[in-house]
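A structural walkthrough
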Amino acid sequence: MITKILKPVTENLILAAQLIQRGEIVAFPTETVYGLGANALDVDACKKIYAAKNRPVDKPLTLHVATFEMIEQIAEISLAAEKLIEKFLPGPLTIILPKKNIVPDFVTCNSKSVGVRFPNNTVAQDFIKIAGVPVAAPSANISGKNPPTTAQEVFDNLNGRVEIILDGGKCEVGISSTIIDISAGELKILRQGKISVAQILETLN
């Protein structure tokens, strides 16, 4: 496979979205790090993420969305979730929520919850909107290596493993998103990124 780095002009966004719709994988930028995406509702496509990254199969995938309606499609939204979504999304926060049946169990490693991410990046948003499906996407690197913040870093990791890398420039935030779990009704902080625990607690109180 020849890996191409493409500028995110309309024709390339459409090409990338068509690959997603056909069950292939695409690397794309977010405001935090670059992601390696597949149609989150297609198990065979998501298996290609694990193969390309050498990712352990017991690590679930986060679903990236481009509209608030997409969140409602894949997850149950509590009052606490509504507050966090209204305050921080789109933005560098992953919220783990109870999943809806449309999300395959394979994608969540048989968990009844799912990580939801609405990136604050126009390339990511436009790409996902054109694809028309939530996009499962861990960071676009070989597992164990540092998450990439440029298209060239993605290429250095995944050359020959992914057909297209959408080049959105250097990621603005440059560190992985904060991850919180409110799927069971109580707050758990799983990873802190740019959004702090204090900001989360202030929003929920």
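Below is a short write-up of the structure. (Residues numbered from 1 in each chain as written. Predicted model: local features only at pLDDT ≥ 70, side-chain atom pairs only at ≥ 80, totals over all residues. Heavy atoms only, no water.)

1. Thoughts on the side chain of asparagine 12
One can find asparagine 12 in helix α1 (residues 10-21). For asparagine 12, a relative accessible area of 13% puts it in the buried group. Other than its neighbours up to four places away in sequence, asparagine 12 contacts Leu6, Lys7 and Leu166. (Helix = DSSP H or I, 4+ residues; strand = E, 2+ residues; numbered from the N terminus. Buried < 20%, exposed > 50% of the residue type's maximum accessible area, 1.4 Å probe, protein only. Contact = heavy atoms within 4.5 Å.)

2. Some words on the environment of leucine 41
Secondary-structure assignment places leucine 41 in the loop between β3 (35-39) and α2 (43-53). Classification of leucine 41 by relative accessible area gives partly exposed; the value is 27%. Spatially, the C-alpha atoms of leucine 41 and alanine 136 are 8.4 Å apart, while their sequence positions differ by 95 residues. Beyond its immediate chain neighbours, meaning those up to four positions away, leucine 41 contacts Gln73, Ile102, Val103, Pro104 and Pro134.

3. A few points about the environment of isoleucine 165
Topologically, isoleucine 165 is positioned in strand β8 (residues 164-166). Isoleucine 165 gets classed as buried once you look at its relative accessible area, which sits at 0%. Through-space distance from the C-alpha of isoleucine 165 to that of isoleucine 25 is 9.6 Å; in sequence the pair is 140 residues apart. Not counting residues within four places of it along the chain, the set of residues in contact with isoleucine 165 comprises Thr3, Lys4, Ile5, Leu6, Ala27, Ala151, Val154 and Phe155.

4. Quick word on the packing of α1 against helix α5 (residues 122-131)
Viewed as axis vectors pointing N to C, α1 and α5 meet at an angle of 50 degrees, and their least axial separation amounts to 8 Å. Considering the angle they form, α1 stands oblique to α5. Note on packing geometry: the crossing formed by α1 with α5 is right-handed. Only Val123, Asp126, Phe127, Ile130 and Ala131 of α5 make contact with α1, whose side of the interface consists of Leu13, Ile14, Ala16, Ala17, Ile20 and Gln21. Considering only residue class, the contact of α1 with α5 consists of 9 nonpolar, 1 polar and 1 charged. (Axes fitted to C-alpha atoms, helices over the stretch in contact; angles between N-to-C directions. Parallel < 35°, antiparallel > 145°, perpendicular 65-115°, else oblique. Left-handed = near helix turned anticlockwise from the far one by under 90°. Nonpolar A, V, L, I, M, F, W, Y, C, P; charged D, E, K, R; others polar.)

5. Observations concerning the pattern of salt bridges
On inspection of all chains with the given rule, the structure shows 4 salt bridges. The shortest N-O distance in the salt bridge between lysine 99 and aspartate 105 comes to 3.1 Å. A relative accessible area of 31% means that aspartate 105 is categorised as partly exposed. (Salt bridge = Lys/Arg side-chain N within 4 Å of Asp/Glu carboxyl O.)

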